[in-house]
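If you want the building blocks of each chain, they are given just below.
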Number of protein chains: 8
Amino acid sequence: MDNKKLTDLLNQVKNGNVEVEYALSQLKQLEYGELGYAKIDHHRQLRNGYPEVIYCEGKALDHIQGIVKHMLERNNNNILCTRASQEVFNAIFEVTDKALYHERAKIVVVKREEYKVTEKKILVVTGGTSDIPVAEEAAITAEVLGNTVGRLYDVGVAGIHRLLSNTKVLQEANVIITVAGMEGALASVVGGLVDKPVIAVPTSIGYGANFGGLSALLCMLNSCASGITVVNIDNGFGAAYSASMINNL
Amino acid sequence: MDNKKLTDLLNQVKNGNVEVEYALSQLKQLEYGELGYAKIDHHRQLRNGYPEVIYCEGKALDHIQGIVKHMLERNNNNILCTRASQEVFNAIFEVTDKALYHERAKIVVVKREEYKVTEKKILVVTGGTSDIPVAEEAAITAEVLGNTVGRLYDVGVAGIHRLLSNTKVLQEANVIITVAGMEGALASVVGGLVDKPVIAVPTSIGYGANFGGLSALLCMLNSCASGITVVNIDNGFGAAYSASMINNL
Amino acid sequence: MDNKKLTDLLNQVKNGNVEVEYALSQLKQLEYGELGYAKIDHHRQLRNGYPEVIYCEGKALDHIQGIVKHMLERNNNNILCTRASQEVFNAIFEVTDKALYHERAKIVVVKREEYKVTEKKILVVTGGTSDIPVAEEAAITAEVLGNTVGRLYDVGVAGIHRLLSNTKVLQEANVIITVAGMEGALASVVGGLVDKPVIAVPTSIGYGANFGGLSALLCMLNSCASGITVVNIDNGFGAAYSASMINNL
Amino acid sequence: MDNKKLTDLLNQVKNGNVEVEYALSQLKQLEYGELGYAKIDHHRQLRNGYPEVIYCEGKALDHIQGIVKHMLERNNNNILCTRASQEVFNAIFEVTDKALYHERAKIVVVKREEYKVTEKKILVVTGGTSDIPVAEEAAITAEVLGNTVGRLYDVGVAGIHRLLSNTKVLQEANVIITVAGMEGALASVVGGLVDKPVIAVPTSIGYGANFGGLSALLCMLNSCASGITVVNIDNGFGAAYSASMINNL
Amino acid sequence: MDNKKLTDLLNQVKNGNVEVEYALSQLKQLEYGELGYAKIDHHRQLRNGYPEVIYCEGKALDHIQGIVKHMLERNNNNILCTRASQEVFNAIFEVTDKALYHERAKIVVVKREEYKVTEKKILVVTGGTSDIPVAEEAAITAEVLGNTVGRLYDVGVAGIHRLLSNTKVLQEANVIITVAGMEGALASVVGGLVDKPVIAVPTSIGYGANFGGLSALLCMLNSCASGITVVNIDNGFGAAYSASMINNL
Amino acid sequence: MDNKKLTDLLNQVKNGNVEVEYALSQLKQLEYGELGYAKIDHHRQLRNGYPEVIYCEGKALDHIQGIVKHMLERNNNNILCTRASQEVFNAIFEVTDKALYHERAKIVVVKREEYKVTEKKILVVTGGTSDIPVAEEAAITAEVLGNTVGRLYDVGVAGIHRLLSNTKVLQEANVIITVAGMEGALASVVGGLVDKPVIAVPTSIGYGANFGGLSALLCMLNSCASGITVVNIDNGFGAAYSASMINNL
Amino acid sequence: MDNKKLTDLLNQVKNGNVEVEYALSQLKQLEYGELGYAKIDHHRQLRNGYPEVIYCEGKALDHIQGIVKHMLERNNNNILCTRASQEVFNAIFEVTDKALYHERAKIVVVKREEYKVTEKKILVVTGGTSDIPVAEEAAITAEVLGNTVGRLYDVGVAGIHRLLSNTKVLQEANVIITVAGMEGALASVVGGLVDKPVIAVPTSIGYGANFGGLSALLCMLNSCASGITVVNIDNGFGAAYSASMINNL
Amino acid sequence: MDNKKLTDLLNQVKNGNVEVEYALSQLKQLEYGELGYAKIDHHRQLRNGYPEVIYCEGKALDHIQGIVKHMLERNNNNILCTRASQEVFNAIFEVTDKALYHERAKIVVVKREEYKVTEKKILVVTGGTSDIPVAEEAAITAEVLGNTVGRLYDVGVAGIHRLLSNTKVLQEANVIITVAGMEGALASVVGGLVDKPVIAVPTSIGYGANFGGLSALLCMLNSCASGITVVNIDNGFGAAYSASMINNL
């Protein structure tokens, strides 16, 4: 239910076309969609046409299908499903053939209206080639949320000239997402080269004393560069969501 | 050396008033001030009148004094000294009586020009009364960096009505900094109430299985609310610096 | 051996109908059933008709079968088998076709007498849809232990209105079990809304710096809300057992 | 503001004796007392005459004094201040000479009305003599909250006969709080001996691989005895608060 | 090469029957058997007829086969292979059909001479049924090393009467090995009941905050009972080896 | 109460010289001495003249004094007080001038009867000079418990010849206690050189990634040498107690 | 592009045979090869004929193939692919049949020119047989990088004579790489026996409190022997790369 | 005892001037100096005039004095005392007035012969000003060990131009020691800029999720730059010792 529908309802109440009781039940519904196993938040649409988001990991397939169905019936928003395996995609595709699968990013998008696109750019930067899946989760998310997205991959600090020869690309961005595993030092160097907010995503790429991304996470949290904030390990989605908020201020 | 001085120098080169060699040495100097024990970065002033920043913890008193002196001689920027004990303040005060001490925030400010202030507001929110020192580090920093700052203290989630009755205050902010120790759940709840970027600062307030702020840090990194990014434990300065960057985009 | 049988035995001793020696061997047996690989505790039945409980994870299939057989022969109590895979269920079903499988909860119940049900309600609340398996372990356990059980799922704090619009449901409960992964903040908010004991169950749902449920566990242990106690990660059974004890005081 | 005052106010509104506007401001006040650095929750008194609680660690002395003053002015409830050093006690005593210091428990009580006492007993049990400070925090708290409290100290499992010869004392309790450091095994053994809820408090007593109470905490969380829930390391207050809730159901 | 062979060789040198050079090469060989990928220690046989031991985990199958072959050729000692999967057993069986597989203990024994058996007893005690595989690794090892071994399984502290009714069994042992996962409290209680050395083996049985056996390990290391020493998580072999040394002093 | 007194009492019952009721109260007392804050275990004396032991860390001074007084009154055993600061010694000395302070070991001994000494030797070995305080805690304890004790200090593995040239000293011992911090490798090397049980004591000596003794602890638990068991970090007392039990089998 | 090609290009610019603009684009290319998903660093060849290196873990198969193709086209250097599964080898073999698979080391080498070999020796030493895969990663890498490599396997400290009888082998090496899991004490002992730099590689071999190699890592970092530096767990490649640098100084 | 004295002794044996027995006792002494609490290793002098080294932390003052005295009597080597507080220096100065105190480095040097100096340079680089104490421990150690030492301080990666404008200084070094706290990214960037071995020293500088240097340590261990090895947190001495070995190959 978007702003228009809400206004219509209130006008109908005003005009006496609908009973107060009925309107109340509708408004109650407005709060969230009740499925028993899930309570779907519809507040978001009252804002800027943000898509509905489903985090798929750990959810039963029938639950995911039920949530998607409910969303399709309620409004015409796009739907963004993250951490979606091939199996999850298949289950969603059974519900709607508008579902598209971004395999490397493990994202399913049900695109039902065009993305609004700001011109200000979010740049997604990775330390290595292995960080690309997380970076793509961020990039696809940022695109679905309506941002122009740039990609600058494999510019890790151990070959610093690869990064430095792209300084201009860095400086043209409005918000930068740095994605790096192992020692995760990329965020600090990028943070020192630009005047824009940097969101750092540690990845679980690495082995041994990497401890599942802990090394990159601690590195980024302890950065001596100012202007860097951090999200959870491998959380490309979260970085893009925050970046998009900032990009659209 | 600010933009004006830089232009002057280049013009003098153009007019043949100074030798190329001399100009080079000046430009070299531009890169950073060399003190042996410290290399002071002057790039920052080429930007928006940002102050010089000194992180005092772990630095020898004579080193801090030397750095401040060097800054005072080089330009007319404000100087922001964080993690400054009373002893550090005294040492700085010996160098310049313009030094002011914000005791609770452990910040020394050497104010030499007025702060430029944006109207858009950064709101600093704390879970408890014990989190105030970290919150004040953030608030003072944000003020020195030229932002309007609001404070909303002691609205932790265990008494959720204290937070909910301030929803309007939350929604009027452009960027929100949430400061919380113990379980650090404040960030998640605030993140669900607003459409603006939230920067979460875990604090070391707590005991036992708090493990020096680890519980709040992990809580914030794992937030299921979108739009939240995190900085290091007790890092009020870093949160404010990022928030200021975002607020001034 | 229940209270009645015990009294009979003692009366027979008194009347000289059984030898002291024989009675002793019977009483010895009373202590526990000896299977070599297991010593089955029968003290529990002397209490309130509590079921026998088997924790199946890590036990060999033939051991589980032997334990169930022994229990079936000893008395008429219900049997509750937790952490039971499909394979474990099959093995138990070979022993008794009264075995029923609650798949999502991974619980097998061998129901041999009706549950006694108290009217006071235990409410099981989850932060998300992915937490449902742990919540169901708690809910089924609480039902088998003879409690009225309510379910309120997917009311995580990032969309706080979903929880607040259910305040009345929360307040009608006598004991509340909160089940949440990721940042696990649900327990703190619920704890602030009610006057009843809250048992918090952290789940391993999440990724990255969740570290297998550590983030939710630490969050709950450090809750600034009073009246919250915590059980092990994913321990729905333990929470329900304690809640049932409290509910039946 | 207690139930009576609230009813009076509403009656005055009904009778037209006070303006709606004035009543609203009063009710607004009802939510919490605003001190700037603290927002004091007064909801609690609407319940069972529970005392006001101040957690003193990490709070500035002037803040603590301000909070106590505010509480003294608002109502006639008792005030319980935990984690209070001698210095904190002195500061509170300056504000009110009704303040009493329980030194071993590090608790200050400002007693202004008699405790209501239930007959059902909460028993506080410790593994060793060194655990007594935490146990006393629990015991004093439980007494102030209106419970009959028993103490059974130094019955750790390494000399199990000390515990077993007190089985009757254990079984007469309605709720048991077990307080233990080092390996923290006391909770499991007690849990196996009684049919009542057990709340386990790990303490930081120990050294080396005790890691500040981690060993006892993990031990208690992993207890194979049913009916045990756990609170934070050294959190005697929290255990007593939950125990009191359960004891008064 | 055992003591007898060594004496023979030295006598032959003395009598001039073998060249010094040849004896040297033999003695050099005595030090260890050189296989390139392994250096097999034969010093052990100079002692009490101890078996050769191979830790199989992580070793390539052809390496294990080569080591066994080498041992078979060198002397007539028994061979004990720990952490042996079914696949490893098959590989060893290809080399010698004297290989016997103890499946639950994951031990392969190549028995070539009778075990010498001391009358003094090593007792292996477990907290639960799931701990049996580790306990069997200890028990089988102790038997192969020439000890009388008793087993007392599933006497965890949550049902303390199961342990107490076996006090006599405990006190008749000369050395006790306690095997327990979860909270691992068994060691402390046993340690308080007997006057004999107790070797505690934490197991990885458990889940959640068990962290792969860490909870039991820390519990045992922090035991407040005297006379307890600890080995690595799941290290049944190591416990039995030490116990056997002690039992044969 | 020792064996003789116990026999006397029972004889008096037999002869009718004391009432059953009185004897019972005496036997009850036998279990432990009740001080309220402590329950003192007197079972130990029924064994081999073992001393009473008080772990002083974390105990209040008046509690320690009370416990010592109680012990002095009950029997004539020696008393061993570990982790005793100078302040603790002074407090004990107020109670009895028989108290002697071993400063480096932080042990107070109240010697009231001669130690019985076995000829079999316990050897205490350290990796470095800094490990001596922990080693002395072990050595003094072992002496008070009636063992012949040898000391071999500063033979860490980085200068392996210092250890190897003492092989004979190692081999003459009946039980060996190895005390080492930093990497703690001493236990593995010693374990490979001898056929006797080795008890390893990790110490907290070191810095950085030593993490308070964790590095040495993990090293010792993971030793690839057989025959090694481990006690808590810095637990010289525990190692000596176990060693003494083994030495006196 | 090697030194020769670079000189040619510059000469052509000098002679006017190529335009400055074209040369610039060539030099730009020199920086790195741009593949979108990877930026391949060609600086390395300007040095000593070092091979190109690809770390394969976590990279998509098509990305690896693309990178190898690009390298084959650019120059004639050898290519070293680490952490390569059989599947990765197959993919590379599709691109070039010069690919050779070192299965135990999980290394693929595309050998296109002879290795230059220094006479100074790098010795690779392991504690056990299970450490061989990591050791072989180091040994093969060192050979491809142009070093004479010695191997000394299974000389762990628990059988110290195996190591000591190879002292001469150790002392003849110029650089030593010690590879060990479990307690990782090998590095300390070797470090005490030689005057040459020792690079320690902890391995993840072990179980329980080994925590994936943490025990060996901490042991090596805390070594009390001088002259030891450490690389990541299982990082045979990194150790060999550093050793080669040192060996070729 | 140096090479010359050793040869003399052997010649005297050959000539019959000294008894074999006496020579043996001398050679025995050669192994190490026996002080009871310490065994001083004199092997080192047989090498290149390396100084004696004493790690002072945790050693008793009288032990340190005893060790220094012993060294002074035995030969004419320099003595290097690390981790020496002012108090330790005073104690050493009592023994010899040749002791000099490097306060920032916490090093005492007893200089008795001139350092031999190689021309090849070891460069010590720090990320910040606060890392200087650890850097000075490295620099002074390297000087005493006979190396030419360069210092490049405060060139952390957040202001990368400070490092890049010193590329030439980096490339002129033969071995580089990078000293950095917080995120410790300096090592990776330096490693990518040079072809020489880099030894990384993490420091404990930082706060919060720095966890006493853990963040920098993990960062350095996981560096994606080749040619980097790591030492313990704050271990400037160890880095310099290894660097010196490499520099003198």
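- The name that an unreviewed UniProt entry assigns to chain A is 1-(5-phosphoribosyl)-5-amino-4-imidazole-carboxylate carboxylase, with the source organism given as Candidatus Epulonipiscium fishelsonii.

1. Structural notes on the relation of the copies chain D and chain C
- Mapping chain D onto chain C is achieved by rotating through 180° and translating by 0.1 Å along the same axis, at an RMSD of 0.2 Å. In short, the pair behaves as if placed about a two-fold rotation axis. For chain D, the smallest separation between a C-alpha atom and the rotation axis is recorded for D:Val230, amounting to 2.5 Å.

2. Re the relation of the copies chain A and chain G
- The operation relating chain A to chain G is a screw motion whose rotation component is 90°, with 0.0 Å of axial translation and a residual RMSD of 0.2 Å. Taken together, the rotation angle and the small translation identify this as a four-fold axis. The C-alpha atom lying nearest the rotation axis in chain A is that of A:Phe211; the distance is 7.1 Å.
- With a heterologous cut-off of 20% or less, the 5% of interface residues of chain A that recur at the interface of chain G puts this contact in the heterologous class.

3. Considering the packing of aromatic side chains
- Counting across every chain of the model gives 32 aromatic pairs over all chains.
- Ring geometry for C:Phe89 versus C:Tyr101: centroids 5.1 Å apart, planes at 10°, classification stacked. Highlighted residues: C:Phe89 in helix H4 (residues 86–95) and C:Tyr101 in strand E5 (residues 99–102), separated in sequence by 12 residues.
- Geometrically, the ring pair formed by H:Phe237 and H:Tyr241 is tilted, given 5.7 Å between the ring centres and 55° between the ring planes. Pair noted here: H:Phe237 and H:Tyr241 are both in helix H10 (residues 236–247), with a separation of 4 residues, about one helical turn.

4. Details of helix H8 (residues 186–193) of chain G
- The element H8(G) is largely enclosed, with a buried count of 7 among its 8 residues.
- When H8(G) is considered as a whole, its buried residues turn out to be G:Leu186, G:Ala187, G:Ser188, G:Val189, G:Val190, G:Gly191 and G:Leu193.

5. Structural notes on the interface of chain A and chain G
- Contacts between chain A and chain G engage 19 residues on the former and 24 residues on the latter.
- Between chain A and chain G, a total of about 1,700 Å² is buried, with carbon and sulfur atoms accounting for 54% of that surface.
- Considering only the surface of chain A that becomes buried against chain G, A:Thr129, A:His161 and A:Tyr207 emerge as the three largest contributors, covering 35% of it.
- Of the charged contacts in the structure, one is a salt bridge between A:Arg104 and G:Asp62, with a shortest N-O distance of 3.5 Å.

6. Looking at the interface of chain D and chain C
- Between chain D and chain C, the residue contacts involve 24 residues of the former and 24 residues of the latter.
- Where chain D abuts chain C, roughly 2,200 Å² becomes buried across the two surfaces, and 61% of that area is made up of carbon and sulfur atoms.
- Scanning the region where chain D abuts chain C turns up 0 salt bridges.
- On inspection of chain D and its partner chain C, the count reaches 8 residue pairs in polar contact (both at pLDDT 80 or more).
- Mapped by element, the contributors of at least two residues to the side of chain D that touches chain C are helix H9 (214–221), strand E11 (228–230) and helix H10 (236–247) of chain D.
- By residue number, the principal contributor to the side of chain D that touches chain C is H10(D), which donates 5 residues.
- Taken together, the residues of the side of chain D that touches chain C break down into 13 nonpolar, 7 polar and 4 charged.

7. Describing unusual backbone geometry
Residue and element names in this part refer to chain D.
- You will see that Asp234, though not glycine, has its phi angle at about 65°, which is positive.
- Of note, Asp234 is situated in the loop between E11 and H10.
- By relative accessible area, which is 17% here, Asp234 ends up buried.

8. Considerations on the environment of H:Gly236
All names here are of chain H.
- Secondary-structure assignment places Gly236 in helix H10.
- Residues Gly236 and Ile177 lie 59 residues apart in sequence; the distance between their C-alpha atoms is 8.7 Å.
- Leaving out residues up to four positions away in the same chain, Gly236 has contacts with Val134, Glu137, Ala138 and Val201.

9. A few points about the pairing of strand E6 (residues 107–110) of chain F
- Of the two faces of E6(F), the one carrying F:Ile107 and F:Val109 and the one carrying F:Val108 and F:Val110 are both buried.
- Between strand E5 (residues 99–102) of chain F and E6(F), which pair antiparallel in sequence order, lie 4 residues; one of them, F:Lys106, sits at a positive phi of approximately 55°.

10. Section: the sheet that holds strand E4 (residues 79–82) of chain G
All names here are of chain G.
- With respect to topology, 4 strands assemble into an open sheet ordered E3-E4-E6-E5, the strand pairing being mixed. Looking at the sheet topology across the chains shown, the edges are occupied by strand E3 (52–55) and strand E5 (99–102). Taking each pair of neighbouring strands and ignoring which way they run, the sheet shows an average axis angle of 20°.
- By the bridge criterion, 4 bridges tie E3 to E4 in an arrangement that is parallel. Bridging from a neighbouring strand, Tyr55 pairs with Thr82 of E4.
- Lying on the sheet, helix H4 (residues 86–95) is in contact with E4, E5 and strand E6 (107–110); it crosses E5 at an angle near 170°.
- Where helix H5 (residues 132–144) meets the sheet, it contacts E4, E5 and E6, and its direction lies at approximately 15° from that of E6.

11. Notes on the sheet that holds strand E3 (residues 52–55) of chain F
Residues and elements named next belong to chain F.
- Taking strand neighbours across the sheet as the criterion, the 4 strands line up as E3-E4-E6-E5 in an open arrangement whose pairing is mixed. Lying at the two open borders of the sheet, with one neighbouring strand each, are E3 and E5. Here the average twist between neighbouring strands, direction ignored, is 20°.
- Here E5 pairs with E6 via 4 bridges, running antiparallel. By the bridge assignment, His102 is partnered in E6 with Ile107.

12. Topic: the packing of helix H5 (residues 132–144) of chain E against helix H10 (residues 236–247) of chain E
Residues and elements named next belong to chain E.
- As a packed pair, H5 and H10 sit with axes 7 Å apart at the nearest point and diverge in direction by 35°. The way H5 lies across H10 gives a crossing that is right-handed. Contacts from Val134, Glu137, Ala138, Thr141 and Ala142 in H5 reach Gly236, Phe237 and Ala240 in H10.

13. Considerations on the packing of helix H9 (residues 214–221) of chain A against helix H9 (residues 214–221) of chain H
- Running from N to C, H9(A) and H9(H) point in directions that differ by 125°, and their axes come no closer than 8 Å. Judged by the inter-axis angle, H9(A) sits oblique to H9(H). When the axes of H9(A) and H9(H) are compared, the crossing they make is left-handed. On H9(H), the residues touching A:Leu214, A:Ser215, A:Leu218 and A:Cys219 of H9(A) are H:Leu214, H:Ser215, H:Leu218 and H:Cys219.
- Partitioned by chemical class, the residues of the contact of H9(A) with H9(H) number 6 nonpolar, 2 polar and no charged.

14. Description of the pattern of salt bridges
- Taken as a whole and judged by the stated rule, the model has 56 salt bridges over all chains.
- Here D:Asp154 and D:Arg162 are joined by a salt bridge, their closest N and O atoms 3.6 Å apart. Comparing D:Asp154 with D:Arg162, the two get one shared label, buried.
- With a shortest N-O distance of 3.3 Å, E:Lys39 and E:Glu34 are connected by a salt bridge.

15. Here's the deal with the environment of F:Leu218
- Position of F:Leu218 among the secondary structure elements: in helix H9 (residues 214–221).
- Using a relative accessible area of 2% as the deciding quantity, one classes F:Leu218 as buried.
- Residues F:Leu218 and F:Glu183, 35 residues apart in the sequence, show an inter-C-alpha distance of 8.9 Å.
- Setting aside anything within four residues of it in sequence, one finds F:Leu218 in contact with G:Ala209, G:Phe211, G:Leu214, G:Ser215 and G:Leu218.

16. A look at the pairing of strand E4 (residues 79–82) of chain E
Residue and element names in this part refer to chain E.
- Residues Ile79 and Cys81 line one face of E4 and the alternating positions Leu80 and Thr82 line the opposite face, and both faces are buried.
- A crossover links strand E3 (residues 52–55) with its parallel partner E4, the connecting element being helix H3 (residues 61–74), and its sense is right-handed.
- In terms of strand pairing, E4 meets strand E6 (residues 107–110) through 3 bridges, oriented antiparallel. The residue of E6 that forms the bridge with Ile79 is Val110.

17. Quick look at helix H4 (residues 86–95) of chain D
Residue and element names in this part refer to chain D.
- Taken together, the buried positions of H4 are Val88, Phe89, Ala91 and Ile92. In a view along the axis of H4, the buried residues occupy a sector of 160°, so they form one face of it. Exposed residues lying more than 90 degrees from the buried face of H4 are Glu87 and Glu94.
- Those residues of H4 that are buried are in contact with helix H3 (61–74), strand E4 (79–82), strand E5 (99–102) and strand E6 (107–110).

Parameters and conventions
Residues numbered from 1 in each chain as written. Chains lettered and ligands numbered in written order. Predicted model: local features only at pLDDT ≥ 70, side-chain atom pairs only at ≥ 80, totals over all residues. Heavy atoms only, no water. Least-squares fit on C-alpha atoms with pLDDT ≥ 70 in both. Contact = heavy atoms within 4.5 Å. Phe/Tyr/Trp six-rings, centres within 6.5 Å; stacked < 30°, edge-to-face > 60°. Helix = DSSP H or I, 4+ residues; strand = E, 2+ residues; numbered from the N terminus. Buried < 20%, exposed > 50% of the residue type's maximum accessible area, 1.4 Å probe, protein only. Buried area = accessible area lost by both parts, 1.4 Å probe. Salt bridge = Lys/Arg side-chain N within 4 Å of Asp/Glu carboxyl O. Polar contact = N/O pair within 3.5 Å; in protein donor to acceptor, adjacent residues only side chain to side chain. Nonpolar A, V, L, I, M, F, W, Y, C, P; charged D, E, K, R; others polar. Pairing = 2+ DSSP bridges. Axes fitted to C-alpha atoms, helices over the stretch in contact; angles between N-to-C directions. Left-handed = near helix turned anticlockwise from the far one by under 90°. Parallel < 35°, antiparallel > 145°, perpendicular 65-115°, else oblique. Right-handed = clockwise from strand over helix to strand, strands pointing away. Arc of directions from axis to C-beta.

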